[in-house]
Amino acid sequence: MANNEDQFKKVISHAKEYGYVFQSSEIYDGLSAVYDYAQNGAQLKKNIREYWWKAMVQMHENIVGIDAAIFMHPTTWKASGHVDAFNDPLIDNKDSKKRYRADVLIEDYVGKLDTKIEKEVKKAAKRFGDAFDKDQFLATNPRVLGYKEKGDAILKRMGQSLEKEDLADVKDLIEELEIACPLSGSKNWTDVKQFNLMFGTKLGASAENAMDLYLRPETAQGIFVNFLNVQKTGRMKIPFGIAQTGKAFRNEIVARQFIFRMREFEQMEMQFFVKPGTQKEWYEQWKETRLKWHLSLGMGPDNYRFHDHEKLAHYADAASDIEFRFPFGFKELEGIHSRTDFDLKSHEEFSGKKLRYFDHEDNESYIPYVVETSIGLDRMFLAVFSNSLVEEELDNNTSRVVLKLPAVLAPTKAAIFPLVKKDGLPEIARQIVEDLKWEFDVLYDEKDAVGKRYRRQDAAGTPFCITVDHDSIADNTVTIRHRDTMEQKRVPIADLKSIIAEEVSMKKWLMKM
Ligand code: GAP
């Protein structure tokens, strides 16, 4: 497809056209950075959630799942540091009146240097052909090294300035790099200011007695405040984890890039409680385990990279992002954070309740350290969806649009067609739907020529199409067509379940981890 921007536009319009994602309240012209998942999107999202849950909870004897409330006691957010420190540095452009996150403007600048590196690699690969050694080129080419050094120095300076709350230096950096407003090209900037991202709301009927609450900005705190309840009732022994999925809310300053940065989104988080002093080992282990989970989906190792943080959040002693190659470049998909004992210790102080673990083996009591894995479900959706959308040239000088979703995540696993709407073929096709629907999400379609139906399902991401024809009446066989290869095979109707299960079972995919 033409270029990254075009490709991203195609992703957004395809998501709407094929019933994946709609703008929220579209009939009222939408609500900025809020989206609704449509019939196929809700199912894809559910499948991703389940793929995560199985890998994290079902496959780990020492990890359990909970579902905490979105509303939490307001002191939670004092204790967690969100009231005082959950801020983004914002900057306004005086000419366009547009507001930006200062750190994102700088990161985008560095992203452009990364794109230049990728271009150098492509050029060299073309020049040297089979003899090209990418690693050696990246380690020795003076131009690449220059871009890399410049990018690293910029990020380091920004990290240090944000750490010291030196917002004047962040503005100086923007001016020195001559960063312009992406909309107007103007370099006329205001000072950088901090902006708290939590949404406030009220609990209670009368104004005098109402209690100020926040919509949770992360699901993690619901896990921390329940740490001891779960540990005791589940008789959990350290190391152990608590997982949950659920909505989180952030009043993002710059909410753009479709479902990449939303104001209401869903997280899938796991807090792993470990003995103090062992957190580094667990941090490394979880980085590896989570990357394997991503790779199990077969979207290509070149699309992922780690980005270790220079600037650490107020609670962390180490943090890394798994970044994914989105249509707009490499961006954070998941965070792995070594959160120390910050949260539990702070909840102890603010609540006055002990949140300690008694270690029977060592006969000592301590506040556990925590390693967290935190992934945005919507962001994972975007990674899967955007990576799957391809336009293929076919042998007969035509092309087709295919959504090559990993079959395990596809919302509909098979579409069943009668070749024609008569001669008893619809009845057989309906019976196949009846049999398969107990195990898989399937659909029936009899409208249009069969070629058109294939194209419709290719674009919707359905891995299998099953066609019932006149031979089916005589020999109980059907044609099964694979979305990605377009290969068609004649198979007995009785074998359909096992053929589909072989391709879509979570077990088969998760075993690749
Ligand atoms: N509990 C730790 C935490 O919340 P985070 O890095 O702020 O850490 C974790 O968020 C993940 O949540 C991110 O890697 C991203 O996938 C997702 N996420 C964060 N803000 C988001 C937003 N505004 N829209 C969509 N996803 C978001």
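Predicted, not measured: the structure shown is a model, and the values here were computed from it.

Considerations on the overall build of the chain
So, point 1. Scanning the chain for helices and strands turns up 18 helices and 23 strands.
So, point 2. In summary, the chain has a C-alpha radius of gyration of 26 Å against a globular reference of 24 Å for 513 residues, a match within 12%.
So, point 3. Over its C-alpha atoms, taken along the principal directions, the chain stretches across nearly 75 × 60 × 55 Å.
So, point 4. Here the chain, with 513 residues, has 50% of them falling under the buried criterion.
So, point 5. Intrachain contacts of the chain at a sequence separation of at least 6 include 65% that bridge at least 24 residues.
So, point 6. Accessible surface, the chain: about 25,400 Å² in total, of which carbon and sulfur atoms supply 50%.

Some remarks on the domain arrangement of the chain
It is common to report an interface's size as the accessible area lost on association of the parts.
So, point 1. One can read the domain layout of the chain as domain 1 (1-76 + 197-389), domain 2 (87-195) and domain 3 (394-510).
So, point 2. Distance from the C-alpha centre of domain 2 to the C-alpha centre of domain 3: 47 Å.

Some details on the site of the ligand
So, point 1. Around the ligand, the surrounding shell holds 22 residues, and the nearest of these are Glu-218, Glu-252, Met-262, Glu-269 and Glu-332.
So, point 2. Interatomic distance of 2.6 Å between a side-chain N/O atom of Glu-218 and a nitrogen atom of the ligand.
So, point 3. Within the side chain of Arg-339, an N or O atom sits 3.3 Å from a nitrogen atom of the ligand.
So, point 4. Burial of the ligand by the protein chains amounts to 93% of its free accessible area of 550 Å².
So, point 5. At the level of secondary structure, the elements contributing two or more residues to the shell around the ligand comprise strand S10 (264-274), strand S13 (329-340) and strand S16 (369-376).
So, point 6. Looking at which element gives the most residues to the shell around the ligand, the answer is S13, with 6 residues.
So, point 7. For the shell around the ligand, a count of residues per class yields 7 nonpolar, 5 polar and 10 charged.

What about the sheet that holds strand S19 (residues 414-418)?
So, point 1. Strand order in the open sheet made by the 5 strands is S20-S19-S21-S22-S23, with mixed pairing throughout. One side of each edge strand has no neighbouring strand; the edge strands of this open sheet are strand S20 (442-444) and strand S23 (488-492). Neighbour-to-neighbour, the strand axes of this sheet turn through a mean angle of 25°, independent of strand direction.
So, point 2. With 5 bridges joining them, S19 and strand S21 (residues 464-468) adopt parallel strand pairing. Note that in S21 the partner of Ala-414 across the bridge is Phe-464.
So, point 3. Contacting S19, S20, S21 and strand S22 (477-482), helix H14 (residues 425-436) crosses the sheet at an angle of about 160° to S19.
So, point 4. Sitting on the sheet, helix H17 (residues 496-504) touches S19, S21, S22 and S23, and the angle it makes with S21 is about 170°.

Some points on the packing of aromatic side chains
So, point 1. Throughout the structure, instances matching the rule amount to 24 aromatic pairs.
So, point 2. An angle of 90° between the planes, with centres 6.3 Å apart, marks the rings of Phe-224 and Phe-273 as edge-to-face. You can see Phe-224 sitting in helix H9 (residues 220-224) and its partner Phe-273 sitting in strand S10, a full 49 residues away along the chain.
So, point 3. Ring plane angle 45° and centroid distance 5.8 Å describe the contact between Phe-417 and Tyr-454, whose orientation is recorded as tilted.

A few points about the environment of Ile-48
So, point 1. As for its position among the elements, Ile-48 is in helix H2 (residues 39-58).
So, point 2. Put simply, Ile-48 and Phe-381 are 333 residues apart on the chain and 7.4 Å apart in space, counted from C-alpha to C-alpha.
So, point 3. Excluding anything up to four places from it in sequence, Ile-48 contacts Met-268, Trp-293, Leu-377, Met-380, Phe-381, Val-384 and Leu-409.

Digging into the packing of H14 against H17
So, point 1. Two elements in contact, H14 and H17, have axes whose closest approach is 11 Å; the angle formed by their N-to-C orientations is 55°. As the angle between them shows, H14 and H17 are arranged oblique. Here H14 and H17 pass one another in a crossing that is right-handed. On H17, the residues that touch Ile-432, Asp-435 and Leu-436 of H14 are Leu-496, Lys-497 and Ile-500.

Digging into the packing of H2 against helix H11 (residues 279-295)
So, point 1. Two numbers describe how H2 lies on H11: the axes approach to 11 Å, and their chain directions differ by 140°. Accordingly, the angle class assigned to the pair H2 and H11 is oblique. The handedness of the crossing between H2 and H11 comes out as right-handed. From H2, Ile-48, Tyr-51, Trp-52, Ala-55 and Met-56 reach across to H11, where they touch Trp-286, Arg-290 and Trp-293.
So, point 2. Taken together, the residues of the contact of H2 with H11 break down into 7 nonpolar, no polar and 1 charged.

What about the sheet that holds strand S4 (residues 87-92)?
So, point 1. Across the sheet, which stays open at both edges, the 3 strands sit in the order S5-S4-S6 with antiparallel pairing between neighbours. Of all the strands in the sheet, just strand S5 (99-101) and strand S6 (193-196) have a single pairing partner and so form its edges. For this sheet the average axis-to-axis angle between neighbouring strands, irrespective of direction, equals 45°.
So, point 2. Strand contacts of helix H5 (residues 102-128): S4 and S5, with the helix running at about 70° to S5, the strand carrying the most contacts.

A few points about helix H8 (residues 167-176)
So, point 1. Residues Leu-167, Asp-169, Val-170, Lys-171, Leu-173 and Ile-174 constitute the buried set of H8.
So, point 2. Residue Glu-178 follows H8 closely and has a positive phi angle near 55°.

A few points about unusual backbone geometry
So, point 1. A cis geometry characterises the amide bond from Ile-238 onward to Pro-239, with omega recorded as 5°.
So, point 2. At Ser-25, a position not held by glycine, the phi torsion is positive, near 50°.
So, point 3. Following the sequence through the fold, Ser-25 ends up in the loop between strand S1 (21-23) and strand S2 (35-37).
So, point 4. The phi dihedral of Asn-397 falls on the positive side, at around 65°, and the residue is not glycine.
So, point 5. Residue position: Asn-397 is located in the loop between strand S17 (389-393) and strand S18 (399-403).

Focus: the side chain of Arg-481
So, point 1. Turning to its location among the elements, Arg-481 is positioned in strand S22.
So, point 2. Residues contacting Arg-481, with those up to four places away along its chain left out, are Arg-400, Tyr-454, Arg-455, Asp-458, Pro-463, Phe-464, Cys-465, Met-486, Glu-487 and Gln-488.

Definitions and cut-offs
Residues numbered from 1 in each chain as written. Predicted model: local features only at pLDDT ≥ 70, side-chain atom pairs only at ≥ 80, totals over all residues. Heavy atoms only, no water. Helix = DSSP H or I, 4+ residues; strand = E, 2+ residues; numbered from the N terminus. Rg over C-alpha atoms; globule rule 2.2 N^0.38 Å. Buried < 20%, exposed > 50% of the residue type's maximum accessible area, 1.4 Å probe, protein only. Contact = heavy atoms within 4.5 Å. Areas by Shrake-Rupley, 256 points an atom, 1.4 Å probe, with all protein chains shown as cover. Domains from an automatic or database assignment. Near = heavy atom within 4 Å. Polar contact = N/O pair within 3.5 Å; in protein donor to acceptor, adjacent residues only side chain to side chain. Nonpolar A, V, L, I, M, F, W, Y, C, P; charged D, E, K, R; others polar. Pairing = 2+ DSSP bridges. Axes fitted to C-alpha atoms, helices over the stretch in contact; angles between N-to-C directions. Phe/Tyr/Trp six-rings, centres within 6.5 Å; stacked < 30°, edge-to-face > 60°. Parallel < 35°, antiparallel > 145°, perpendicular 65-115°, else oblique. Left-handed = near helix turned anticlockwise from the far one by under 90°.

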